[in-house]
Amino acid sequence: MARTLTYQQAINEALDQEMARDDTVILMGEDVAGGQGADGEMDAWGGVLGVTKGLYGKYGDRVMDTPISESAFVGAAIGAATAGLRPVVELMFNDFMGVCFDQIFNQAAKFRYMFGGKAQTPVVIRTMIGAGFRGAAQHSQSLYSIFTHIPGLKCVVPATPYDAKGLLIEAIRDDDPVIFFEHKKLYPIEGDVPEESYTIPFGEAEIVRDGRDVTIITLAEMVHESLQAAEQLASDGIDCEVIDLRTTSPLDEETLLESVTETGRVVVVDEANPRCSMATDISALIAQQAFSALKAPIQMVTAPHTPVPFSDNLEDLYKPDAARIADAVRTVSEYQAWQTTESKN
Amino acid sequence: MADDGIQKLIMPKWGFSMTHGRVVAWLAAEGTGISQGDEVLEVETDKAIGVVESTVNGTLRRHVAEPGQEIPVGGLLAVVADTSVSDKDIDRFVTDSVVEDSGAESDADAAAPQFVEVGGRTLRYLKQGDGGRPVVLVHGFSGNLNNWLFNHSALAADRAVYALDLPGHGLSSKDVGDGSLDTFAAVLRDWLDTMELSQVHLVGHSLGGAIVLALALQSPDRPLSCTLIASAALGSEIDAEFVDGIVQADRRRQLKPYLERLFADAGLVTRQLVDDVLKFKRVDGVHAALQTVADSLIADGKQARVLRERLPDISAPMLVLWGGQDHILPASHASGLDHRCTIEVLDDCGHMVQMENPAEVNRLIANFLRNHD
């Protein structure tokens, strides 16, 4: 039965239900138990923002606090996955992923391929993304495009509590390495989530709003900003379709292209930096495969090519928001050059 | 609510989650005479598009809501009054009603689904209305109690009407046993016992119709009447590819074409409808449950169990409704049935007769029930 949960509770429930269902599922990470071996450990905090709270009390040593040594514990989780466990390892902020790139890019991502399909690495790496938390340059990035670039990794970027639970259960049951990106600003948002366990297949984008005039393609927190923009634009008579990618690898190209073929006008909204990003990747896909449907140049709404600023004012300017998205939609809506040229002939 | 014979037509509540409806188009013009059951306007919810029927008799004097407008449940849609009432009085009535509406009565009459334990399973049901001889609505394969969205409250105008989720469906337990008609009928009978409903009017759609028949054969004393809508088990033909598609499809793109086969008007299959079915199918245990039921119902592309020849053994009166454009179970199954059956074929409907023409289905069932209370 569906009831309202937060995104954070939905993630906790997915972990809880999978640990109850399958005893090869284990959790590892800095402070995921949070208080192991100390007084009050059974009621420990559960991760830096409390996402895994309560699981240590239920599952004991299947929830392991690790030293602050990402290369060691992410490597250990990957090794455990090859040996038959289904570890869910938390790497607090995706910004820290750099210290264990070899384990992720060159080991986990390659095992199935290099061992002729005989090896599998069912590991999930949970990690936080996103600016707007006053976390400054080293705790605020959205690095999913870097991982999407690597064949052999699956990348999941949920935007709602319903998707967070279903996609995390799917990730845990998947036999390949999955990087699961949680936007820290979404933890408190609420939505309907069934009590039962359920899965959402990878590679199916969600159309979160139907519309005929402009397609907004986006992911993570920007789904909500885009929906807000779409509501504002609706009162001006511009009807936006909003598509949430949900997974960047695999990418649901069909849903994107189908929508663009209908609307002919596209805005890609991505909180990440603009170079070599999901925004550029999707823009290229559309330009290559739906060029004849386009009625206006593709617009991208992204962060600038700078680190995330520490100043509150600058950080607010850095992040795309509903107003900037609405402006971009108006730009593609009003673009008339092609029609004008045509009518002159 | 009437002063000087002025009556309201309000936004109906189709199902638990509906809080608003958007007016799509008026089907009856201002100035036309309308009576109860006439189709007055089309309304879209986030689940479906449906037709609002008149609940009153008189002249449709004013369209208060405009196409495109969102109106809360219970909000004023139109004013009906005799032609002798002045426009001024209608104006005043509209102004007063709008002020009244802003007090929002949205959740006041919302019936919530309930859960009950029956033989180790949890079953969800929704009751609307009170008194009279009760009615039980039984949905079809891969459906749930919301399949009766446009019928439930209309039928409950003068009696208690229950709709339940069968095992493996909706929010009921996923255990379907061997998935056979007899198993479902036994669960339905146990549920009736638990609810202390000794005799009921049974209404079944598709698989639900076959379950109603199986129950009537197992326990002849339970049904006051049986209404079979596009019922299974009345012939061997079935679109087996549809059943397999519903079981296997796990993506929007795959599922949508199968769902479109359910309706004469494929445009009724909205993204929301597809998403709702997908959300249900993605719950642990549902795929296995649907597969078990499909395996039990279908053998070599035909319905494994046909109860057509057993109809004379059922003493309860029977109403058989079918859509003339049913792609799943052919309307030919409605012909040549036992002579005591009342048979109605609605030409413009597909398999989901009760959703595609609720006005006519509700009228036919209500009259039939009244004649057999």
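Model, not experiment: these values are computed from the prediction.

Caption draft 1: How the structure looks around the sheet that holds strand β6 (residues 154-156) of chain A. Residues and elements named next belong to chain A. With respect to topology, 7 strands assemble into an open sheet ordered β3-β2-β4-β5-β7-β6-β12, the strand pairing being mixed. Because the sheet does not close on itself, it has two edges, and the strands there are β3 (63-65) and β12 (247-249). With strand direction ignored, the average angle separating the axes of adjacent strands in the sheet is 20°. The pairing of β6 with strand β7 (residues 178-183) spans 3 bridges and is parallel. The partner of K154 across the bridge, within β7, is V178.

Caption draft 2: Seen up close, unusual backbone geometry. Residue and element names in this part refer to chain A. In this chain, S249 is followed by P250 through a cis amide linkage whose omega measures 0°. On the secondary structure map, P250 appears in the loop between β12 and α9 (253-263). Of note in the backbone geometry, C276 takes a positive phi value of approximately 50° without being a glycine. In this structure, C276 sits in the loop between β13 (266-270) and α10 (278-289).

Caption draft 3: Geometry of the nonpolar core. Residue and element names in this part refer to chain B. By size, the foremost hydrophobic cluster in this structure holds 112 residues, and its most contacted members are L77 and I211. When residues of this core are assigned to domains, at least three map to each of domain 1 (7-101) and domain 2 (114-371). Apart from the residues within four sequence positions on either side, I211 is in contact with V138, L181, F184, A185, L188 and G204.

Caption draft 4: Molecular detail of the environment of D265 of chain B. Checked against the element boundaries, D265 of chain B lands in the loop between α6 (252-260) and α7 (271-281). Counting along the chain gives 44 residues from D265 of chain B to D221 of chain B, while the straight-line C-alpha distance between them is 39 Å.

Caption draft 5: Structural view of the domain arrangement of chain B. All names here are of chain B. By the assigned domains, chain B splits into domain 1 (7-101) and domain 2 (114-371). Here the C-alpha centroids of domain 1 and domain 2 sit 31 Å apart. Residue-level contacts link 13 residues of domain 1 with 12 residues of domain 2. Ranked by the residues each element gives to the side of domain 1 that touches domain 2, the list is headed by strand β5 (residues 49-53), at 4 residues. Tallied by class, the residues present in the side of domain 1 that touches domain 2 amount to 5 nonpolar, 3 polar and 5 charged.

Caption draft 6: Summary view of helix α4 (residues 101-108) of chain A. Residues and elements named next belong to chain A. If you check which residues of α4 are buried, you get Q103, I104, Q107 and A108. The buried residues of α4 occupy an angular sector of 120° when projected down its axis, which confines them to one face. Within α4, the exposed residues directed more than 90 degrees away from the buried face are D102 and N106. Buried residues along α4 sit against α3 (70-82) and α5 (111-114).

Reading guide: rules and limits
- Residues numbered from 1 in each chain as written.
- Chains lettered and ligands numbered in written order.
- Predicted model: local features only at pLDDT ≥ 70, side-chain atom pairs only at ≥ 80, totals over all residues.
- Pairing = 2+ DSSP bridges.
- Helix = DSSP H or I, 4+ residues; strand = E, 2+ residues; numbered from the N terminus.
- Axes fitted to C-alpha atoms, helices over the stretch in contact; angles between N-to-C directions.
- Core = buried A, V, L, I, M, F, W, Y, C linked by C-beta atoms within 7 Å.
- Buried ≥ 20, exposed ≤ 12 C-beta atoms within 10 Å, placed from the backbone.
- Domains from an automatic or database assignment.
- Contact = placed C-beta atoms within 7 Å.
- Nonpolar A, V, L, I, M, F, W, Y, C, P; charged D, E, K, R; others polar.
- Arc of directions from axis to C-beta.

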